[in-house]
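Summary of structural features
Listed below, chain by chain, are the residues.
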Amino acid sequence: MNAKRIITLLMAAVMAMALLGCNAANTTPTPAIENEATVAPTLTPEITAEPPAPEPTPTPAPTKDVSAMPELAVFTELFSIKVGEGKNEIGYLNAAPLYVSGPTSFHVDEDGWIAILDPNKGRIMIFDGNKLAHILDLRDELAYPYHMCYADGGFYIVDIGYEYILYAAFTMDDVGKTGCETKVYEIPEETTALLIGDICATEKGVILSGSDGDHFRDWILNLEHGKFIPTDEYIECVSEGDELVCRILGNEWHIPVQNHCSLGVYGIDKYGFLYVGYYEDFYAEVGAVTLEKTIRCYNSEGRQFGAARIDIDKYSSYPNMDTVVLEDGTIYHMACYEDRVTIYEVALGQRYETRKDELIEQAIREIEEAQRRTADPDAP
């Protein structure tokens, strides 16, 4: 964000001084000598002013010691949860294409505990020390929770079944207690729960991001009035030439992009680095959507500091929010495999090894297989 340039000019007070002459007479009895009055010359008023304040020196874009990073990203598994119907398992739903079949979102708290939103059982699973510590049962108040963030000592949850946002108070001090304080907020009238793309906690407050059917919009929670109101303070990402400009809460990042690429913003750390999900689509080579995903970190000038390849083709479910970045830059990723859900801590690498050729070949085989089955439905 460019600093405002302020130039202050202070004018000094101007004083004009006139020096007056006078006659002098001797006291001795000598003839008087007449002196003409001497008039002091007129002084030109002197105008003084402070020099213009120097333009502020731009804050240097943050940097990292790339040589201290591993060559390739490192994924450290924290814990896994089995997929199943048991009390301490996460069940997958045979959902319609618009829905996520497994967990839809998760939260990593600065104090170290982790919460996973389990929509199929209407609950939030709380893990502390990588072990299940508590289950927040909200089945009576949730139909199908889809987005979640943590703020104000509780969870804000967008429910696409009941078409509202549920606030459920929770701190780790509440572990073991039955029930919790809840409150309902209405979805903004300009949109619907299905058109909401995210809910997140920011320094400005809790913000909804979505669409009104025609344009992308943001709404911020006004606690005084108990409702979400339109705002333009949160995020705007627009294409400008060969880069994507992201403006978030008054800050700006310029990220170079290639053709058929898109971004999903994960967060900003306290040092000014932006973390995104970078999706590269090999559509031109395949003729169908074929994505390779990486997590990437950028400074405000668009310089990349680290990447981690995410093999989403090996996942069975795709959360709305699969990556969380803390203020200190620590990255957590939730991978939803066929038999388990795993939480990783991720250290970005200096580079990543693309699977472009492999993914293109795999996509072509799938297309050819689909065409063969269409031509001969009875073929084995």
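Details of the structure are given in the entry above.
Predicted model only: the values in this text are computed from it and were never measured.

Another point: the state of the cysteines. Tallied over the full model, the rule gives 0 disulfides. Lacking any disulfide linkage, Cys200 is separated from the closest cysteine sulfur, that of Cys149, by 6.6 Å. A relative accessible area of 12% means that Cys200 is categorised as buried.

A separate point is the packing of aromatic side chains. Evaluation of the coordinates by the stated rule reveals 14 aromatic pairs. With centroids separated by 5.6 Å and ring planes inclined at 75°, the aromatic side chains of Phe273 and Phe305 adopt a geometry described as edge-to-face. One end of the pair, Phe273, is in the loop between β17 (261–268) and β18 (274–281); the other, Phe305, is in strand β20 (residues 304–310), and 32 residues separate them in sequence. Both residues of the pair, Phe273 and Phe305, belong to the buried class. Here a set of aromatic residues connected by ring pairs shows up, and it is made of Trp113, Tyr150, Phe155 and Phe170. The ring of Tyr278 has Arg296 sitting right over it, with the charged end atom 3.6 Å from the ring centre.

Another aspect to go through is the sheet that holds strand β4 (residues 123–128). In space, the 4 strands of this open sheet follow the order β2-β3-β4-β5, with antiparallel pairing throughout. Lying at the two open borders of the sheet, with one neighbouring strand each, are β2 (105–108) and β5 (131–137). Taken over all neighbouring pairs, the strand axes of this sheet differ in orientation by 20° on average, direction set aside. Of the pairings in the sheet, the one linking strand β3 (residues 114–118) to β4 comprises 5 bridges and is antiparallel in character. In the strand pairing of β4, Ala115 is matched with Ile126.

Let us look at the side chain of Asn299. Along the chain, the position of Asn299 falls in the loop between β19 (291–298) and β20. Ignoring any residue separated from it by four or fewer positions in sequence, one finds Asn299 in contact with Ala61, Pro62, Trp253, Phe273 and Phe305.

This part is about the sheet that holds strand β16 (residues 251–256). Within a sheet, neighbouring strands are paired by backbone hydrogen bonds and run either parallel or antiparallel to one another. Across the sheet, which stays open at both edges, the 3 strands sit in the order β14-β15-β16 with antiparallel pairing between neighbours. The outermost strands of the open sheet, each flanked by one partner alone, are β14 (235–240) and β16. Along the sheet, successive strands turn relative to each other by an average axial angle of 20°, direction set aside. Both β14 and strand β15 (residues 243–248) contribute to a ladder of 6 bridges, which runs antiparallel. Within the sheet, the bridge partner assigned to Glu236 lies in β15 and is Arg247.

Looking now at a negative patch on the surface. A cluster of acidic residues, Glu110, Asp111, Glu327, Asp328 and Glu345, forms a negative patch on the protein surface. Inspection of the secondary structure puts Glu345 in strand β23 (residues 340–347).

Scanning all chains against the criterion turns up 17 salt bridges. Across the pair Arg139 and Asp137 runs a salt bridge, and its minimum N-O distance is 2.6 Å. By relative accessible area, Arg139 is classed as exposed at 54%. One salt bridge in this structure joins Asp339 and Arg340, with 3.2 Å as the shortest N-O distance. Among the residues examined, Asp339 registers a relative accessible area of 47% and is labelled partly exposed. Of the residues examined, Arg340 reaches a relative accessible area of 29% and is grouped as partly exposed.

The rules behind the values
- Residues numbered from 1 in each chain as written.
- Predicted model: local features only at pLDDT ≥ 70, side-chain atom pairs only at ≥ 80, totals over all residues.
- Heavy atoms only, no water.
- Disulfide = S-S within 2.5 Å.
- Buried < 20%, exposed > 50% of the residue type's maximum accessible area, 1.4 Å probe, protein only.
- Phe/Tyr/Trp six-rings, centres within 6.5 Å; stacked < 30°, edge-to-face > 60°.
- Helix = DSSP H or I, 4+ residues; strand = E, 2+ residues; numbered from the N terminus.
- Lys NZ or Arg CZ within 6 Å of the ring centre and 35° of its normal.
- Pairing = 2+ DSSP bridges.
- Axes fitted to C-alpha atoms, helices over the stretch in contact; angles between N-to-C directions.
- Contact = heavy atoms within 4.5 Å.
- Patch = residues over 30% accessible without salt bridge, like charges linked within 9 Å, V, L, I, M, F, W, Y side chains within 5 Å.
- Areas by Shrake-Rupley, 256 points an atom, 1.4 Å probe, with all protein chains shown as cover.
- Salt bridge = Lys/Arg side-chain N within 4 Å of Asp/Glu carboxyl O.
- Lys, Arg positive; Asp, Glu negative; His and termini not counted.
- Charge placed at Lys NZ, Arg CZ, Asp CG, Glu CD.

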